[in-house]
Amino acid sequence: MPLTIDQLNTAPLPDVAAALDGLYEHSPWIVERTLVQRPFLSLAHFKHALVQTVKAGGRVAQLDLIRAHPELAGKAMVAKTLTAESTNEQGKAGLTDCTPEEFARIQQLNADYNARFGFPFILAVRGPRGTGLNKAQIIEAFGRRVHHHPDFELAEALRNIHRIAEIRLNDKFGVEPTLGNDVWDWQEKLSVHSDPGFAEKGQLTVTYLTDAHRACAQRISHWMRDCGFDEVEIDAVGNVVGRYHGATPNAKYLLTGSHYDTVRNGGKYDGRLGIFVPMACVRELHRTGRRLPFGFEVVGFAEEEGQRYKATFLGSGALIGDFKPEWLDQKDADGITMREAMQHAGLCIDDIPKLRRDPARYLGFVEVHIEQGPVLNEMDLPLGVVTSINGSVRYLGEVIGMASHAGTTPMDRRRDAACAVAELALYLEQRAAKDGDSVATIGQLQVPSGSINVVPGRCSFSLDLRAPTDAQRDALAGDVLAELAAICERRGLRHTLEETMRAAAAPSAPALQQRWEAAVKAQGLPLFRMPSGAGHDAMKLHEVMPQAMLFVRGENSGISHNPLESTSSEDMQLCVQAFAHLLDSLAQDPL
Ligand SMILES: [Zn+2]
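Residues numbered from 1 in each chain as written. Predicted model: local features only at pLDDT ≥ 70, side-chain atom pairs only at ≥ 80, totals over all residues. Heavy atoms only, no water.

### Topic: the overall build of the protein chain
(1) Moving on: What the protein chain contains, in helices and strands, is 20 helices and 16 strands.
(2) Moving on: Rg of the C-alpha trace for the protein chain: 26 Å, near the compact-globule value of 25 Å for 591 residues, within the 12% margin.
(3) Moving on: Within the protein chain, the fraction of its 591 residues that count as buried is 55%.
(4) Moving on: Taking as baseline every contact in the protein chain between residues at least 6 positions apart, the subset at least 24 positions apart corresponds to 77%.
(5) Moving on: Here the protein chain has roughly 25100 Å² of accessible surface; of this, 53% comes from carbon and sulfur atoms.
(6) Moving on: Of the charged side chains in the protein chain, 61 are positive and 75 negative, and the gap between their average positions amounts to 1 Å. (Helix = DSSP H or I, 4+ residues; strand = E, 2+ residues; numbered from the N terminus. Rg over C-alpha atoms; globule rule 2.2 N^0.38 Å. Buried < 20%, exposed > 50% of the residue type's maximum accessible area, 1.4 Å probe, protein only. Contact = heavy atoms within 4.5 Å. Areas by Shrake-Rupley, 256 points an atom, 1.4 Å probe, with all protein chains shown as cover. Lys, Arg positive; Asp, Glu negative; His and termini not counted. Charge placed at Lys NZ, Arg CZ, Asp CG, Glu CD.)

### Concerning the nonpolar core
(1) Moving on: Core analysis: the biggest nonpolar cluster contains 76 residues, and Y208, M279, M342, W516 and F579 have the highest contact counts within it.
(2) Moving on: Once residues within four sequence positions are removed from consideration, Y208 is found in contact with H213, V237, A302, E303, R308, Y309, L314, M338, M342 and L347. (Core = buried A, V, L, I, M, F, W, Y, C linked by side-chain atoms within 4.5 Å.)

### Comments concerning the pairing of strand β6 (residues 383-389)
(1) Moving on: Counting buried residues in β6 gives six out of seven residues, a clear majority hidden from the surface.
(2) Moving on: As paired elements, β6 and strand β15 (residues 529-532) share three bridges and run parallel to each other. In the sheet register, V385 faces β15, and the bridge partner there is R529.
(3) Moving on: Bridge count between β6 and strand β14 (residues 506-507): two bridges; the pairing is antiparallel. Each bridged residue has a counterpart across the sheet, and for S388 the counterpart in β14 is P507. (Pairing = 2+ DSSP bridges.)

### Focus: the coordination of the zinc ion
(1) Moving on: Each protein donor to the zinc ion is listed here as H259 (NE2), D270 (OD) and H369 (NE2); together their distances run 2.0 to 2.2 Å.
(2) Moving on: Counting residues between consecutive donors of the zinc ion along the chain gives the motif H-x10-D-x98-H. Note that H259 is positioned in strand β3 (residues 253-259) and H369 in strand β5 (residues 362-370), a separation of 110 residues in sequence. Of the two residues, H259 and H369, both sit in the buried class. (Donors = N, O, S within 2.8 Å, 3.2 Å for Na, K, Ca; no water.)

### So, the side chain of D195
(1) Moving on: Tracing the backbone shows D195 in the loop between α10 (178-190) and α11 (211-227).
(2) Moving on: Among buried charged residues, D195 stands out as having no salt bridge; its nearest opposite-charge side chain is R264, 6.6 Å away.
(3) Moving on: Here T207 takes part through its side chain, which lies 2.7 Å from a polar atom of the side chain of D195.
(4) Moving on: In this structure, D195 is in contact with E200, T205, V206, T207, T210 and A212, ignoring residues within four places of it in sequence. (Salt bridge = Lys/Arg side-chain N within 4 Å of Asp/Glu carboxyl O. Polar contact = N/O pair within 3.5 Å; in protein donor to acceptor, adjacent residues only side chain to side chain.)

### Observations regarding the state of the cysteines
What makes a disulfide is a covalent bond joining the sulfur atoms belonging to two cysteines.
(1) Moving on: What the rule picks out here adds up to zero disulfides.
(2) Moving on: No disulfide involves C419; its nearest neighbouring cysteine sulfur is the one of C459, lying 9.3 Å away.
(3) Moving on: The thiol sulfur of C575 is not disulfide-bonded, and the nearest other cysteine sulfur, from C281, lies at 8.1 Å. (Disulfide = S-S within 2.5 Å.)

### Concerning the packing of aromatic side chains
(1) Moving on: Enumeration according to the criterion identifies 16 aromatic pairs in this entry.
(2) Moving on: Site record: aromatic cluster; members linked through ring pairs are Y113, F117, F119, F121 and F142.
(3) Moving on: The ring centre of F152 lies 5.3 Å from the NZ or CZ of R159, which sits over that ring. (Phe/Tyr/Trp six-rings, centres within 6.5 Å; stacked < 30°, edge-to-face > 60°. Lys NZ or Arg CZ within 6 Å of the ring centre and 35° of its normal.)

### Observations regarding the packing of α10 against helix α20 (residues 569-588)
(1) Moving on: At a closest axis distance of 7 Å, the pairing of α10 and α20 adopts a crossing angle of 110°. Judged by the angle between their axes, α10 and α20 are roughly perpendicular. Taken as a pair, α10 and α20 cross one another with a handedness that is right-handed. Contacts between α10 and α20 pair T178, L179, G180, N181, V183, W184 and Q187 from the former with S569, M572, Q573 and V576 from the latter.
(2) Moving on: Tallied by class, the residues present in the contact of α10 with α20 amount to five nonpolar, six polar and no charged. (Axes fitted to C-alpha atoms, helices over the stretch in contact; angles between N-to-C directions. Parallel < 35°, antiparallel > 145°, perpendicular 65-115°, else oblique. Left-handed = near helix turned anticlockwise from the far one by under 90°. Nonpolar A, V, L, I, M, F, W, Y, C, P; charged D, E, K, R; others polar.)

### A word on unusual backbone geometry
(1) Moving on: Cis geometry marks the peptide bond from R38 to P39; its omega dihedral reads 5°.
(2) Moving on: In this fold, P39 is placed in the loop between α3 (29-35) and α4 (43-67).
(3) Moving on: Even without being a glycine, D380 presents a positive backbone phi close to 55°.
(4) Moving on: Structurally, D380 is set in the loop between α15 (375-379) and β6.
(5) Moving on: The backbone of S449 sits at a positive phi, close to 40°, despite the residue not being glycine.
(6) Moving on: As for its placement among the helices and strands, S449 is situated in the loop between β10 (445-446) and β11 (454-455).

Encoded structure:
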């Protein structure tokens, strides 16, 4: 008989502890100390409390916990002395059935890893979907993690232990994140479509209006119909638009969505999660024959990443009437204009102005997205509420000094342009950190035609500054520009600087943000608010209607725009539940 939340909360403590035996390898103290905090609102709440117990346990207890685990495909496996749970998990991953080469490689990694960190390599081999990683994925993760910083790897080992416990707990409670699994599977199926040149290498790249891109639009539109949307269309810029009607014909709509294009060699979840999560919600509404007092419009935006053409946010821009006709003449790397690409795709260019939405017809815009950063992962939180999409400003600059002989020019007579930019980079790092939530980056730094034996006479650089409010960004930019001037003055250099981009911050609408906050709390999870460092489609909609976003934690330090991008179907399930909660809340208590 599977356990229930009710039993977890009310059965005698020793009974519950016994039922949860084996959750954490040879470490019953974690469950025992956590159960003292009964009652728990949900399984997610209990899982979070277990994580907090391990955090509070301190480093020694954490190391003991890690060391209580067997090596992957190690001596314990060979000697058949693994716990029942571990035998099952390692067996499913095929580790009990390695070729001699694979076995040798794993033994070498085990030895290297142990020598570096002093504890065994722990990986949740059932993976983010719960169905299991294959041997190649396991060996790849092993080979990558052996190079981590020791502090980071300790945390990563603990995160994997918590993931193992999460899956074991689901087994004990007989629960499966079925909605999250479906969202996961849609993303997996969509990822088979990739542009030529990348598809062959197993990489995911879907840029505007390529064959793969149009195939994605078809797939999404078919799935939307399967989910029970009342209207589904691919609009004049290639957005896939699904509408689930409200209970009354003139009801306003809630707008949501995200993008289905990707960067080159990107991840499967960036953007797409924000299409499939609300799709899962519509499917549940349709399945139960339920209508909301408002309509629900889910848009898969065709273009957000600006990869094939320099037309970032083209898809969401079209909905606010911000489609720039001059984009049509832009050519891609093969000389194909956007106009030609649109005509080839059968899109009706003349209809683009009609895509503009009337904000009066909408309650607002909400978007869910993977965080694309390390914060939630580090805090062991599945969901985070976005307070604002950071405002940003970018510059391209050059410092000009004097190129001179690296051997004969004494240190106090140099006009070194690169040193000035290096000094600026270090200032930037400190100044942004002082704000707590500002970020500043010099992502490009070049010494044009520099030589190993020449003091840099010129140094070109980029500046990317972001903050949650425009005022904070402007104060940051003001200080950075003043410091640049001061550095150049002191070093006897001159400089040029050109502003190349400026985007206003998009603070979340308080009324919608509060709905996300309530939705997160309803899952039994602590509320965590954070700014979005990355730009999103919500930024465009922000120009015409209230908006608010919800973030989902990413694995692997929240890495994104990278094939390692990932999140678990468990976290996706929580995201679907939170979204459903937001819909219910808007139904019961309109804005
Ligand atoms: Zn995105």
